[in-house]
Amino acid sequence: MGKWEVTDKAGETVYGHNEITVQERGCLLVEHWQSSQGGTGSSINYYNPVTGQWHQDWVDAGSSIIKTSGGIKDGAMAMKGKIYYMQSGQRADFRGKWTPLEDGRVRQFFQQKDDKGKWNTWFDGYYRRVK
């Protein structure tokens, strides 16, 4: 939870800022993203005790929707699902991982599968808490 600055691995290039809040009496995490170029996006994140999985639904102003689910694996949050591009109607397999780092940052690493079945980096950002 809180406010975050998102950068490259070296911390030199700022990709944007993120704010994550807790709502619905602790049952829902809401994320608001603003890129350095002005793009925006939001997600809702929740745990489903029936399935035993976390779910994230993301929508951005760049016209994509990402729906993933998963859980903690090897000390990181790992989720997989689909990305949908609203304007073109295309969709692809999608996966992401959030890994806490020893220096207090969190690495967010997303990949999308191409038409040949190869996983390609979609986003690789390092979250540093803003005080």
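Remarks on the pattern of salt bridges
Thinking step 1. This model, assessed by the stated rule, comprises six salt bridges.
Thinking step 2. Ionic pairing is found between Arg-128 and Glu-5, a salt bridge with its closest N-O pair at 2.5 Å. Taken together, the residues span a long stretch of sequence, with Arg-128 in strand β10 (residues 119-129) and Glu-5 in strand β1 (residues 2-7) at a distance of 123 residues.
Thinking step 3. Asp-103 is the salt-bridge partner of Arg-105, the closest N and O atoms lying 2.8 Å from each other.
Thinking step 4. Residue Arg-105 is classed as buried on the basis of its relative accessible area, which comes to 14%.
Thinking step 5. Residue class for Asp-103 comes out exposed when judged on its relative accessible area of 51%.
Thinking step 6. Bridged by salt links that share partners, the residues Lys-82, Asp-93 and Lys-113 form one connected network.

Notes on a positive patch on the surface
Thinking step 1. A grouping of Lys-73, Lys-80, Arg-95 and Lys-97 is seen on the molecular surface, where their side chains present a positively charged patch.
Thinking step 2. Residue Lys-73 is classed as exposed on the basis of its relative accessible area of 56%.

Description of the sheet that holds strand β7 (residues 76-85)
Thinking step 1. Strand order around the closed barrel formed by ten strands is β1-β2-β3-β4-β5-β6-β7-β8-β9-β10, with antiparallel pairing between neighbours. If you compare each strand with its neighbour and ignore which way they point, the axes differ by 25° on average.
Thinking step 2. In the sheet, strand β6 (residues 64-73) pairs with β7 via ten bridges, with the strands oriented antiparallel. By the bridge assignment for β7, Ser-64 is matched with Tyr-85.

Some words on the pairing of strand β5 (residues 53-60)
Thinking step 1. Inspection of the sheet shows strand β4 (residues 40-48) paired to β5 by eight bridges, in the antiparallel sense. Looking at the pairing, Ser-43 lines up with Trp-58 of β5.
Thinking step 2. Linking β4 to β5, which pair antiparallel, is a turn of four residues; within it Gly-52 sits at a positive phi near 75°.
Thinking step 3. With six bridges connecting them, β5 and β6 associate as antiparallel partners. In the sheet register, Asp-57 faces β6, and the bridge partner there is Lys-67.
Thinking step 4. Between β5 and β6, which pair antiparallel in sequence order, lie three residues; one of them, Ser-63, sits at a positive phi of approximately 75°.

Criteria and cut-off values
- Residues numbered from 1 in each chain as written.
- Predicted model: local features only at pLDDT ≥ 70, side-chain atom pairs only at ≥ 80, totals over all residues.
- Heavy atoms only, no water.
- Salt bridge = Lys/Arg side-chain N within 4 Å of Asp/Glu carboxyl O.
- Helix = DSSP H or I, 4+ residues; strand = E, 2+ residues; numbered from the N terminus.
- Buried < 20%, exposed > 50% of the residue type's maximum accessible area, 1.4 Å probe, protein only.
- Patch = residues over 30% accessible without salt bridge, like charges linked within 9 Å, V, L, I, M, F, W, Y side chains within 5 Å.
- Areas by Shrake-Rupley, 256 points an atom, 1.4 Å probe, with all protein chains shown as cover.
- Lys, Arg positive; Asp, Glu negative; His and termini not counted.
- Charge placed at Lys NZ, Arg CZ, Asp CG, Glu CD.
- Pairing = 2+ DSSP bridges.
- Axes fitted to C-alpha atoms, helices over the stretch in contact; angles between N-to-C directions.

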